[in-house]
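Letter by letter, the chains look like this.
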Amino acid sequence: DSGVTQTPKHLITATGQRVTLRCSPRSGDLSVYWYQQSLDQGLQFLIQYYNGEERAKGNILERFSAQQFPDLHSELNLSSLELGDSALYFCASSVGGDPTDTQYFGPGTRLTVL
Amino acid sequence: GNSVTQMEGPVTLSEEAFLTINCTYTATGYPSLFWYVQYPGEGLQLLLKATKADDKGSNKGFEATYRKETTSFHLEKGSVQVSDSAVYFCALSDRLSGGYNKLIFGAGTRLAVHP
């Protein structure tokens, strides 16, 4: 158990809908990262937050957004969903944002768009 | 940009065989290198890491040495077990502007160990 929790575990929805994925980092970790894992794209970095502020963006679509709240939990919002958004979405956390910091991953949320 | 290339799988071995999974990277500067493992139906777990050249990471019988001269971080284990069957990901941490980092992953290598 990494100490990172994600809810829900599974999500099934229809095209055009909007969903929210939630992540609670390990106690004491200030950085939260979101990654997408799909069969064709592999593991891709989406976005990073550090202590409530957005720090870096990767391959995140404009239809997607995220935020980190004062209690440090984070939410990833996916809107106008398309079939191609079906994937595993992982949250990770680390103490800070240094490249030597280990990122600890949650169990993931499997999103299926029908 | 920075990237990670690892050998394609699946790798199929018999129990107690020697394992090598090759990983090479392209990076500017001095990234940290990681191996993560993903067991079926689970998230990614850190297996080992190395933060500077010539460092050796080790855990659970797995080892990998950060070789700057060959830009490699190959994963090895002397005697695999059935329980090692999983997908293994090589990754590097890429320092972004502002000093913050993201992980860049290889495509993953599936390992299947048979009794």
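Here is a short report on the structure shown in this document. (Residues numbered from 1 in each chain as written. Chains lettered and ligands numbered in written order. Predicted model: local features only at pLDDT ≥ 70, side-chain atom pairs only at ≥ 80, totals over all residues. Heavy atoms only, no water.)

1. Quick notes on the overall build of chain B
So, step 1. In terms of helices and strands, chain B carries 0 helices and 12 strands.
So, step 2. Taken from the N to the C terminus, the helices and strands of chain B come in the order β-β-β-β-β-β-β-β-β-β-β-β.
So, step 3. Its C-alpha atoms give chain B a radius of gyration of 14 Å, near enough to 13 Å, the size a compact globule of 115 residues would have.
So, step 4. Expressed as lengths along the three principal axes of its C-alpha atoms, the size of chain B is roughly 50 × 30 × 20 Å.
So, step 5. The buried share among the 115 residues of chain B stands at 47%.
So, step 6. Residue pairs in contact within chain B that sit at least 24 positions apart in sequence constitute 55% of those at least 6 positions apart.
So, step 7. Surface exposure of chain B reaches about 5500 Å², of which carbon and sulfur atoms provide 47%.
So, step 8. In chain B, which carries 10 positive and 11 negative side-chain charges, the distance between the mean positions of the two groups comes to 8 Å. (Helix = DSSP H or I, 4+ residues; strand = E, 2+ residues; numbered from the N terminus. Rg over C-alpha atoms; globule rule 2.2 N^0.38 Å. Buried < 20%, exposed > 50% of the residue type's maximum accessible area, 1.4 Å probe, protein only. Contact = heavy atoms within 4.5 Å. Areas by Shrake-Rupley, 256 points an atom, 1.4 Å probe, with all protein chains shown as cover. Lys, Arg positive; Asp, Glu negative; His and termini not counted. Charge placed at Lys NZ, Arg CZ, Asp CG, Glu CD.)

2. Some details on the interface of chain A and chain B
So, step 1. Contact with chain A, which involves 21 residues of that partner, is made by 20 residues of chain B.
So, step 2. When the buried surface of chain A facing chain B is broken down by residue, Leu43(A), Pro99(A) and Phe105(A) rank first, second and third, together holding 32% of it.
So, step 3. The interface formed by chain A and chain B includes 4 residue pairs in polar contact (both at pLDDT 80 or more).
So, step 4. Going through the elements one at a time, strand S4 (31-38), strand S5 (42-50), strand S6 (53-57) and strand S9 (87-94) of chain A are the ones with two or more residues in the side of chain A that touches chain B.
So, step 5. Broken down by element, the residue count for the side of chain A that touches chain B peaks at 4 residues, all from S5(A).
So, step 6. The class makeup of the residues in the side of chain A that touches chain B is 11 nonpolar, 7 polar and 3 charged. (Buried area = accessible area lost by both parts, 1.4 Å probe. Polar contact = N/O pair within 3.5 Å; in protein donor to acceptor, adjacent residues only side chain to side chain. Nonpolar A, V, L, I, M, F, W, Y, C, P; charged D, E, K, R; others polar.)

3. Focus: the nonpolar core
So, step 1. Ranked by size, the top nonpolar core spans 27 residues in total, and within it Leu19(B), Trp35(B), Leu48(B), Phe73(B), Leu75(B) and Tyr88(B) carry the most contacts.
So, step 2. Considering every element that reaches this core, the biggest residue donor is strand S10 (residues 86-95) of chain B, with 4 residues.
So, step 3. Among the nonpolar cores identified, the runner-up in size contains 21 residues, and Val4(A), Val32(A), Leu46(A) and Ile47(A) belong to it. (Core = buried A, V, L, I, M, F, W, Y, C linked by side-chain atoms within 4.5 Å.)

4. Remarks on the sheet that holds strand S8 (residues 62-65) of chain B
Hydrogen bonds between backbone groups are what pair the strands of a sheet, and the pairing can be parallel or antiparallel.
All names here are of chain B.
So, step 1. The 4 strands lie next to each other as S3-S9-S8-S7, forming an open sheet whose pairing is antiparallel. At either margin of the open sheet sits one strand with a lone partner, and together these are strand S3 (19-21) and strand S7 (56-59). Each strand of the sheet is rotated relative to its neighbour by a mean of 15°, with strand direction disregarded.
So, step 2. In this sheet, strand S9 (residues 75-77) lies alongside S8 in antiparallel orientation, the contact comprising 3 bridges. Note on S9: the bridge partner recorded for Glu63 is Glu76. (Pairing = 2+ DSSP bridges. Axes fitted to C-alpha atoms, helices over the stretch in contact; angles between N-to-C directions.)

5. Quick look at the sheet that holds strand S3 (residues 19-24) of chain A
Residue and element names in this part refer to chain A.
So, step 1. The strand order S1-S3-S8-S7 describes an open sheet built from 4 strands, whose pairing is antiparallel. On the outer flanks of this sheet lie strand S1 (5-7) and strand S7 (64-68), each paired with one strand and no other. Strand-to-strand, the axes of this sheet are offset by a mean angle of 15°, without reference to chain direction.
So, step 2. The sheet contact formed by S7 and strand S8 (residues 74-78) spans 5 bridges and is antiparallel. Counterpart to Gln67 in the pairing with S8 is Glu75.

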